There are 2 protein chains.
Amino acid sequence: MSTVSGELQMHTHIVHVHPAPGSYNAMLTQTAGQRLRAAGGTVTVSDLYQAGFDPVERADHYKSRAATESFAALNEQRHAWKTDTLPADVAAEIGLLEQADLVILQFPLWWHGPPAMLKGWMDRVFVSGGLYTSRMRYDAGYFRGRRALVSVTTGAPRGAFGPGGRGGNFDTMLWPVQYSMHYLGFSVLPPFISYGVQGHGYSYEDENVLHDRLKRNLDDWSMRLSGLDEAKPLDFPGWADWHEDGSAVAANVLFESGAT
Amino acid sequence: MSTVSGELQMHTHIVHVHPAPGSYNAMLTQTAGQRLRAAGGTVTVSDLYQAGFDPVERADHYKSRAATESFAALNEQRHAWKTDTLPADVAAEIGLLEQADLVILQFPLWWHGPPAMLKGWMDRVFVSGGLYTSRMRYDAGYFRGRRALVSVTTGAPRGAFGPGGRGGNFDTMLWPVQYSMHYLGFSVLPPFISYGVQGHGYSYEDENVLHDRLKRNLDDWSMRLSGLDEAKPLDFPGWADWHEDGSAVAANVLFESGAT
């Protein structure tokens, strides 16, 4: 757990999602590991592709079924948590999350969101009745006091992103994954976005310019991780902001985007 | 293809995503099929769970590789399209999309977005170099002139959704999937949202009230499908709205949400 000085003895868990071992995403994960260990912390990594994680939530995963006539995911999740019969891969992922002061989600932006591999990790690992209940959510969530951070790469250059931009606005595109982390109680730090990550031969830049820019970006990532304690979490609504039925006490478009 | 009268001879393809054959999602898909056929149209369905579709984009799917030293998804997709070596399941899904005047995406909202199964269908089936190129996108997209429609179910009741609401705002939550359909050229019709779809024994309502409400909702869905030609598509930006670098000519927050 964190101490007063923050990064000292901090444990970070990185959920790493990319199909290629030598990818730029892998370099970002490696850079994060080096930086956080150099600061005295410990780091674990779930490399979901390497592990062959199955992101499809379905009946096959549950050995002891709550109901066999039809599959209702939340029902089976609650039953599996209560009877201690969670799928082994899910139990392992939960164990890693429980140890972490900081969780980093590292992935490439595919179709304006996380790859299916990460989405399905959420579908399966964020277990109903275990990691959340109707009242143990948001600012009363299981992981309250812990922090989460999205680190995402794009193919398109920085200019294409923003309100009305061709590539979309990150406040909107990351809202589902970031709000889901908030749902579990995490304080969600502003995302780190690596723009214009192009494969060799597909760059819109000179290869040397690309190489230098992406190298500097790793330094920026390292710097970012050195200053986490100064980072203000994203401003998402909590229980005080809602009526009993879940509607907003005062509709606030800032909540919408998770903008800081 | 559509005729002047619209629904006559219209072909609809439904991408159906739910792990349980008897789910309310299945009833929505069945209702859509009945209504659209009754109007003289034809309907096909991809039931991704039943088909055992693999939503994980990775090297294994590609028999003829563009590069074997490292896996770059877009690179392999372009190569597979060009050499006519697409994975068989992907080629079949593309064939079904190509026949459709209207594509319906039917799924439950899981963690503020589509299940991994649908996200991975997008990751794999929306093939780079085939269904889009750098210029064949958005209003110049492959499927321009065709329509798409999201039909989504929620567990939480209607009151919890909207700007600042506990469950999130659908303009934001559906933006990634709807904008991705726009990216391929589809005109995206306003979504149909079925709120408060609760399993038996987990309802916040009396079971009879629940049953009647969900039954009426199927009628609403049927009615909605009868009036598609009056539906104004969502207002997403196109090529005229961007500078060459992809930044917005005039930043417009309405674009952001895809709000009508």
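In this convention, every chain numbers its residues from 1, walking through the sequence in written order. Written order determines the labels here, with chains lettered from A and ligands numbered from 1. In keeping with the model being predicted, local features are shown solely for residues with a pLDDT of at least 70 and side-chain atom pairs are shown and tallied solely at 80 or more, while totals for entire chains, interfaces and linings include all residues. Here the side-chain values reflect all heavy atoms present in the structure, with hydrogen atoms and water set aside.

Novice: What's the story with the overall build of chain A in this structure? I'm lost.
Specialist: The helix count covers DSSP runs of H or I at least four residues long, the strand count covers runs of E at least two residues long, and both are numbered beginning at the N terminus. Check the secondary structure of chain A and you find nine helices and five strands. Secondary structure elements of chain A, listed N to C terminal, follow the sequence β-α-β-α-α-α-β-α-β-α-α-β-α-α. C-alpha atoms define the radius of gyration, and 2.2 Å times the number of residues to the power 0.38 defines the globule rule. Its C-alpha radius of gyration of 19 Å places chain A within 12% of the 18 Å reference for a compact globule of 260 residues. Along the first, second and third principal axes, the C-alpha atoms of chain A reach 60 × 45 × 40 Å. Split into buried and exposed, the 260 residues of chain A put 59% on the buried side. Across chain A, every contact between residues at least 6 apart in sequence was considered, and the portion connecting residues at least 24 apart equals 75%. Computed over 21 positive and 28 negative side-chain charges, the inter-centroid distance for chain A is 1 Å. Each residue is assigned to one of three classes by its accessible area relative to the maximum for its type, calculated with a 1.4 Å probe on protein chains only: buried under 20%, partly exposed between the two thresholds, exposed over 50%. For this analysis, residues touch if any pair of their heavy atoms sits within 4.5 Å. Charge assignment in this entry is limited to Lys and Arg as positive and Asp and Glu as negative, and neither His nor the chain termini are counted. All charge positions are set by atom: Lys at NZ, Arg at CZ, Asp at CG, Glu at CD.

Novice: Even after reading the chapter, I still don't get the relation of the copies chain B and chain A, so can you show me in this structure?
Specialist: There are two copies of the chain, and a rotation about an axis plus a shift along that axis relates them. Least squares is the method used to superpose the copies, on C-alpha atoms of residues holding a pLDDT of at least 70 in both. At an RMSD of 0.0 Å, chain B and chain A line up after a rotation of 180 degrees and a shift of 0.0 Å along the axis. This pairing of chains is accounted for by a two-fold axis. Taking C-alpha positions as the reference, the residue of chain B nearest the rotation axis is Ala116 of chain B, at 2.3 Å. In this assembly, 100% of the residues forming the interface of chain B have copies in chain A that are likewise at the interface, indicating an isologous arrangement.

Novice: I would appreciate a short explanation of the sheet that holds strand 4 (residues 147-153) of chain A in the present structure.
Specialist: Strand pairing within a sheet occurs via backbone hydrogen bonds; the two strands may be parallel or antiparallel. Residue and element names in this part refer to chain A. In this description, strands pair whenever DSSP reports at least two bridges between them. What the five strands build is an open sheet, ordered 2-1-3-4-5; its pairing is parallel. Each end of this open sheet is capped by a strand with a single partner; those strands are strand 2 (42-47) and strand 5 (187-194). Neighbour-to-neighbour, the strand axes of this sheet turn through a mean angle of 15 degrees, independent of strand direction. As paired elements, strand 3 (residues 102-108) and strand 4 share seven bridges and run parallel to each other. Note that in strand 4 the partner of Gln106 across the bridge is Ser151. Lines are fitted to the C-alpha atoms to define the axes, a helix being fitted only along its stretch in contact, and any angle between axes, read from their N-to-C directions, falls within 0 to 180 degrees. Along the sheet, helix 7 (residues 175-183) contacts strand 3, strand 4 and strand 5; its crossing angle with strand 5, the most-contacted strand, is approximately 155 degrees.

Novice: Any chance you could explain the interface of chain B and chain A here in plain terms?
Specialist: Interface size is commonly expressed as the accessible area that is lost once the parts come together. On the side of chain A, 59 residues touch chain B, which itself brings 59 residues to the contact. The quantity reported as buried area is the accessible area (1.4 Å probe) lost by two parts once they are put together, taken as the sum for both. The contact between chain B and chain A buries some 4,700 Å² in all, and 60% of this surface belongs to carbon and sulfur atoms. Should a side-chain nitrogen of Lys or Arg be within 4 Å of a carboxyl oxygen of Asp or Glu, the pair is scored as a salt bridge. At the surface where chain B touches chain A, the tally comes to zero salt bridges. By the criterion applied in these results, polar contacts are pairs of N or O atoms within 3.5 Å in which, for protein atoms, one can donate a hydrogen and the other can accept it, and in which residues neighboring in sequence qualify only through two side-chain atoms. Inspection of the region where chain B meets chain A yields 28 residue pairs in polar contact (both at pLDDT 80 or more). Of all elements in the fold, only helix 3 (73-82), helix 5 (116-125), helix 6 (170-173), helix 7 (175-183) and helix 9 (253-257) of chain B reach the threshold of two or more residues within the side of chain B that touches chain A. Here the side of chain B that touches chain A takes six residues from helix 5 of chain B, the largest share from any one element. Throughout, the ten residues Ala, Val, Leu, Ile, Met, Phe, Trp, Tyr, Cys and Pro are labelled nonpolar, Asp, Glu, Lys and Arg are labelled charged, and all others, Gly among them, are labelled polar. When grouped by side-chain class, the residues that make up the side of chain B that touches chain A number 32 nonpolar, 17 polar and 10 charged.

Novice: Explain the confidence of the model for chain A here, please?
Specialist: Segments scoring low in pLDDT should not have their predicted coordinates read at a detailed level. Per-residue confidence from the prediction method is given by pLDDT, with values spanning 0 to 100. Here chain A averages 92 in pLDDT, while 91% of its residues score no lower than 70. Interface predicted TM-score (ipTM) for the complex: 0.93; the corresponding pTM is 0.94.

Novice: What should I look at first to understand the sheet that holds strand 4 (residues 147-153) of chain B in this one?
Specialist: All names here are of chain B. Strands sit in the order 2-1-3-4-5 across an open sheet of five strands; the sheet is parallel. Two strands bound the open sheet, and with one partner strand each, they are strand 2 (42-47) and strand 5 (187-194). Neighbouring strand axes in the sheet, compared pairwise and without regard to direction, differ in orientation by 15 degrees on average. Docked against the sheet, helix 8 (residues 207-226) engages strand 3 (102-108), strand 4 and strand 5, running at close to 165 degrees with respect to strand 5.

Novice: Just to check I follow, could you spell out the pattern of salt bridges for this structure?
Specialist: Any two side chains of opposite charge can pair if their charged atoms end up close together. Evaluation of the coordinates by the stated rule reveals 18 salt bridges over all chains. Linking Lys119 of chain A and Asp123 of chain A is a salt bridge whose minimum nitrogen-to-oxygen distance equals 2.7 Å. Within this pair, Lys119 of chain A and its partner Asp123 of chain A are both found in helix 5 (residues 116-125), separated by four residues, close to a single helical turn. In this structure, the salt-bridge partner of Arg124 of chain B is Asp89 of chain B, at a minimum N-O distance of 3.0 Å. Placement of the pair is Arg124 of chain B in helix 5 and Asp89 of chain B in helix 4 (residues 88-98), with a sequence separation of 35 residues. Residue Arg124 of chain B is classed as buried on the basis of its relative accessible area, which comes to 1%. On the accessibility criterion, Asp89 of chain B (28% relative accessible area) is partly exposed.

Novice: What is the right way to look at the environment of Leu149 of chain A in this model?
Specialist: All names here are of chain A. Mapped onto the fold, Leu149 is located in strand 4. Its relative accessible area of 1% is what places Leu149 among the buried residues. C-alpha separation for the pair Leu149 and Pro190, spaced 41 residues apart in sequence, amounts to 6.7 Å. Contact partners of Leu149, with chain neighbours within four places excluded, come to Leu102, Val103, Ile104, Leu105, Leu189, Pro190, Phe192, Trp221, Arg224, Leu225 and Leu228.

Novice: How should empty space enclosed by the protein be read in this particular structure?
Specialist: Over the atoms, a rolling probe the size of a water molecule traces out where space has been left empty. Grid points spaced at 1 Å and placed over the protein atoms alone form the basis of the search, with a cavity being a set where a 1.4 Å probe fits but cannot get out and a pocket an open set showing protein on both sides within 12 Å along at least five of seven lines. Lining residues have an atom within 4 Å of a point. Grid points are joined across faces, edges and corners, and a volume is the space filled by probe spheres set on the points. Applying the stated rule across the entire model yields three cavities of 30 Å³ or more. Computed from the structure, the largest cavity encloses a volume of approximately 160 Å³. Taken together, 18 residues form the lining of the largest cavity, with Gly113, Pro114 and Pro176 of chain A together with Gly113 and Pro114 of chain B sitting closest to its centre. Broken down by secondary-structure element, the contributors of at least two residues to the lining of the largest cavity are helix 5 and helix 7 of chain A together with helix 5 and helix 7 of chain B. Partitioned by chemical class, the residues of the lining of the largest cavity number 12 nonpolar, four polar and two charged.

Novice: Just to check I follow, could you spell out the packing of aromatic side chains for this structure?
Specialist: A ring pair, where both rings are aromatic, is described by two values, the distance of the centres and the angle of the planes. Any two rings among Phe, Tyr and Trp, with Trp reduced to its six-membered ring, count as a pair given centres within 6.5 Å; such a pair is stacked if its planes are under 30 degrees apart, edge-to-face if over 60, and tilted if neither. Under the defined criterion, the tally for this structure stands at 38 aromatic pairs over all chains. Ring geometry for Tyr138 of chain B against Tyr183 of chain B: centres 4.9 Å apart, planes inclined by 65 degrees, an arrangement best described as edge-to-face. Here Tyr138 of chain B, found in the loop between helix 5 and strand 4, pairs with Tyr183 of chain B, found in helix 7; they are 45 residues apart in sequence, far enough to count as distant. For the pair shown, Tyr138 of chain B and Tyr183 of chain B are each scored as buried. An angle of 80 degrees between the planes, with centres 6.0 Å apart, marks the rings of Phe170 of chain B and Tyr195 of chain B as edge-to-face. Here Tyr195 of chain B lies in the loop between strand 5 and helix 8 and Phe170 of chain B lies in helix 6, a separation of 25 residues in the sequence. Of the two residues examined, Phe170 of chain B and Tyr195 of chain B, each falls in the buried class. Aromatic ring contacts, followed pair by pair, group Trp111 of chain A together with Trp121, Phe126, Tyr132, Tyr138, Trp175, Tyr179, Tyr183, Phe236, Trp239 and Trp242 of chain B into a single cluster.

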